[in-house]
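# Coordinates in review
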Amino acid sequence: MATGYIELLRMPHASRLITATLVGRLPYATAPLAIVIFARSEGASYTLAGALAALYGLATAVGQPWLGRLADVHGQPRVMLPSAVVSAVAMIALAAVAVDPVLPAALAIVVAGVATPPLEGGLRALWPSVLKRQDRVHRAYALDAVAQEVMFAVGPLVVMVLVAAWSPAGALLVVNVLGVLGALAVVTSVPSRDWRSEPREAHWLGALRSSGMLVLLGAFLFVGISLGSISVAAVAYAENAGDELISTYLLSALGAGALVGGLWYGARTWTGEPERRLVVLVAALAAGYLPLVLAPESVLAMTLLAGASGLFLAPVLACAFVVIDRHAPTGTVTEAFSWLVTVFGVGVAGGTAVVGPILEEVGVAAGFGVAGVGGIAALLVLLSTRRVLAARPVRAGEVAVSPAAAAVEPVPGSGTAGK
């Protein structure tokens, strides 16, 4: 299993890009938890805390595709570093103004969300020019999903350690400074500086003119709802148990489960259409979310359920990256990947907003039940639109190759480097 990953990480620039992007995405990955904990420490209710976290998700949903389109047109360094700085300054301002009155806090969160740099989409746009071969690119997608789950596993722990050692406001400060340093390391790399998107057709819809993209984004909206609801429900479970650190156990276990699943998925050579494989993986993901509704009193049992629920998250993401690359219109690759971040932001926002009142009115078990409902809804979207995903458009410049040939041939241009 490890041989393919070692080969990948030995490729020039690969380790730096993965690590720097991982650090640069830390503010985005920890924002829902960090905002909820900060707001609760300032006396806000679950409803207000969830609404503020949801506001960040919605603002990110607005900013990601817009910034992704700018990166496709103007290059990564001109977009990603300035936006990272603006986002960090806004989150630090949130730590200074607190949540009462709520309007300045909401404004700071909106600015931070809109300015969140599209590092995820940017990394996936770089892989074809860095790795050259489709088999390496697909493995990189899996490793990228695994790295993302490492971030989601370690991020909550970092936040809670900073909260315990300093304060919720201090946690916001440190995490966002790290985010800027990560973005700086990405945009000063040779692949990021040299990368240029393929010429794009002038169209106001951009990546959204692909029907397959719309189907995929519709499904992942509900996956985002599941993840958003889990992040808030975990905090409520921990408070009921009398130890706030328990929330980090649950979220870190979910991330660890995804890490294991992602490593397994990326180590295999998959045949057949990725669109069909995605349906099976989402079905497994939904099945993993359903047992969370049991919410057992045993912290160990709940932690094990959280770990099991994450097993298929990274495989689902890795497969989705391949599907997006197959359906994105020419010249829109960063924007297309950024739209996935957008629907996640909207979904997470919806999940955090919906689960707050449910936790207060019904209870923790019902809060975790939102995750199961979201997983089932994602599966239903894919099942009802299988024909749309199956009809992949052929893009200009593509040449049909066999799976065996695809493993050794250069990847069709998602972008260019050094031209």
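Now for a description of the structure that goes with this document. For clarity, every value in this text was computed on a predicted model and none was experimentally measured. (Residues numbered from 1 in each chain as written. Predicted model: local features only at pLDDT ≥ 70, side-chain atom pairs only at ≥ 80, totals over all residues. Heavy atoms only, no water.)

## Examining the overall build of the chain
- Secondary structure summary: the chain contains 19 helices and two strands in total.
- Here the chain, with 419 residues, has 58% of them falling under the buried criterion.
- Sequence separation of at least 24 residues holds for 84% of the intrachain contacts in the chain that already meet a minimum separation of 6.
- As displayed, the chain has an accessible area near 16200 Å², and 68% of this comes from carbon and sulfur atoms. (Helix = DSSP H or I, 4+ residues; strand = E, 2+ residues; numbered from the N terminus. Buried < 20%, exposed > 50% of the residue type's maximum accessible area, 1.4 Å probe, protein only. Contact = heavy atoms within 4.5 Å. Areas by Shrake-Rupley, 256 points an atom, 1.4 Å probe, with all protein chains shown as cover.)

## Topic: the side chain of S210
- Structurally, S210 is set in the loop between β1 (195–196) and α11 (211–241).
- Once residues lying within four places of it in the same chain are set aside, the contact partners of S210 are H327 and P329.

## Here's the deal with a nonpolar patch on the surface
- On the surface, V23, I92, V177, L178, L181 and L184 cluster together to form a nonpolar patch covering roughly 430 Å² of accessible area.
- Here the element with the most residues in the nonpolar patch is helix α9 (residues 168–187); it accounts for four residues.
- Position of V177 relative to the elements: it lies in helix α9.
- Among the residues examined, V177 registers a relative accessible area of 40% and is labelled partly exposed. (Patch = residues over 30% accessible without salt bridge, like charges linked within 9 Å, V, L, I, M, F, W, Y side chains within 5 Å. Salt bridge = Lys/Arg side-chain N within 4 Å of Asp/Glu carboxyl O.)

## Topic: the nonpolar core
- Counting residues in hydrophobic clusters, the biggest one holds 121 residues, and the most contacted among them are W127, F220, L278, L313 and F368.
- Beyond its immediate stretch of four places on either side in the chain, F220 contacts L278, V316, L317, A320, L340, V343 and F344.
- Listed in part, the seven residues of the second largest apolar core include A20, M80, V186 and V187. (Core = buried A, V, L, I, M, F, W, Y, C linked by side-chain atoms within 4.5 Å.)

## Details of empty space enclosed by the protein
- For the structure shown, the criterion picks out four cavities of 30 Å³ or more.
- As a volume, the second largest cavity reaches approximately 150 Å³.
- Contributing to the lining of the second largest cavity are 18 residues, with G24, P27, Y28, T116 and P117 lying nearest its centre.
- Only α3 (26–41), α4 (46–74), α5 (77–97), α7 (119–131) and α9 provide two or more residues apiece to the lining of the second largest cavity. (1 Å grid on protein atoms, 1.4 Å probe; cavity = no way out; pocket = protein on both sides within 12 Å on 5 of 7 lines; lining within 4 Å. Points joined across faces, edges and corners; volume = space filled by probe spheres on them.)

## Notes on the environment of V86
- Checked against the element boundaries, V86 lands in helix α5.
- Spatially, the C-alpha atoms of V86 and A115 are 6.2 Å apart, while their sequence positions differ by 29 residues.
- With near-sequence residues (within four places) excluded, V86 lies in contact with V111 and A115.

## Some thoughts on the packing of α11 against helix α17 (residues 364–384)
- Contact pair α11 / α17: the axes reach a minimum separation of 8 Å and the direction vectors enclose 170°. The angle between α11 and α17 places the two elements in the roughly antiparallel class.
- Considering only residue class, the contact of α11 with α17 consists of 18 nonpolar, seven polar and no charged. (Axes fitted to C-alpha atoms, helices over the stretch in contact; angles between N-to-C directions. Parallel < 35°, antiparallel > 145°, perpendicular 65-115°, else oblique. Nonpolar A, V, L, I, M, F, W, Y, C, P; charged D, E, K, R; others polar.)

## Considerations on unusual backbone geometry
- Positive phi values are uncommon outside glycine, yet H13 reaches one of about 75°.
- Of note, H13 is situated in the loop between α1 (2–10) and α2 (14–24).
- Residue H13 is classed as partly exposed on the basis of its relative accessible area of 36%.

## A few points about α3
- Taking 1.5 Å of rise per residue, 16 residues should cover 22 Å, and α3 covers 21 Å from first to last C-alpha, within 8% of that figure.
- Burial within α3 is extensive, with 14 of its 16 residues counted as buried.
- A positive phi of about 95° marks G43, the residue just after α3. (Expected span 1.5 Å × (residues − 1).)

## Points about the packing of aromatic side chains
- This model, assessed by the stated rule, comprises six aromatic pairs.
- Their ring planes at 70° and their centres at 5.9 Å tell us that Y141 and F321 sit as a pair that is edge-to-face. Taken together, the positions of Y141 in helix α8 (residues 134–165) and F321 in helix α15 (residues 313–327) put the pair 180 residues apart, joining distant regions of the chain. Taken as a pair, Y141 and F321 share a single burial class, namely buried.
- Ring geometry for Y237 versus F368: centroids 6.4 Å apart, planes at 70°, classification edge-to-face. Of this pair, Y237 sits in helix α11 while F368 sits in helix α17, and the two are 131 residues apart along the sequence.
- Exposure remark for Y237: the relative accessible area of 6% places this residue in the buried category. (Phe/Tyr/Trp six-rings, centres within 6.5 Å; stacked < 30°, edge-to-face > 60°.)

## Considerations on the pattern of salt bridges
- Summed over all chains, the structure comprises seven salt bridges.
- Salt-bridge contacts for D144 lead to R25; the nearest nitrogen and oxygen are separated by 3.4 Å. Taken as a pair, D144 in helix α8 and R25 in the loop between α2 and α3 lie far apart in primary sequence, 119 residues in all. We note that D144, like R25, is buried.
- Here the residues in one salt-bridge network are R25, E120, R124 and D144, joined through shared partners.

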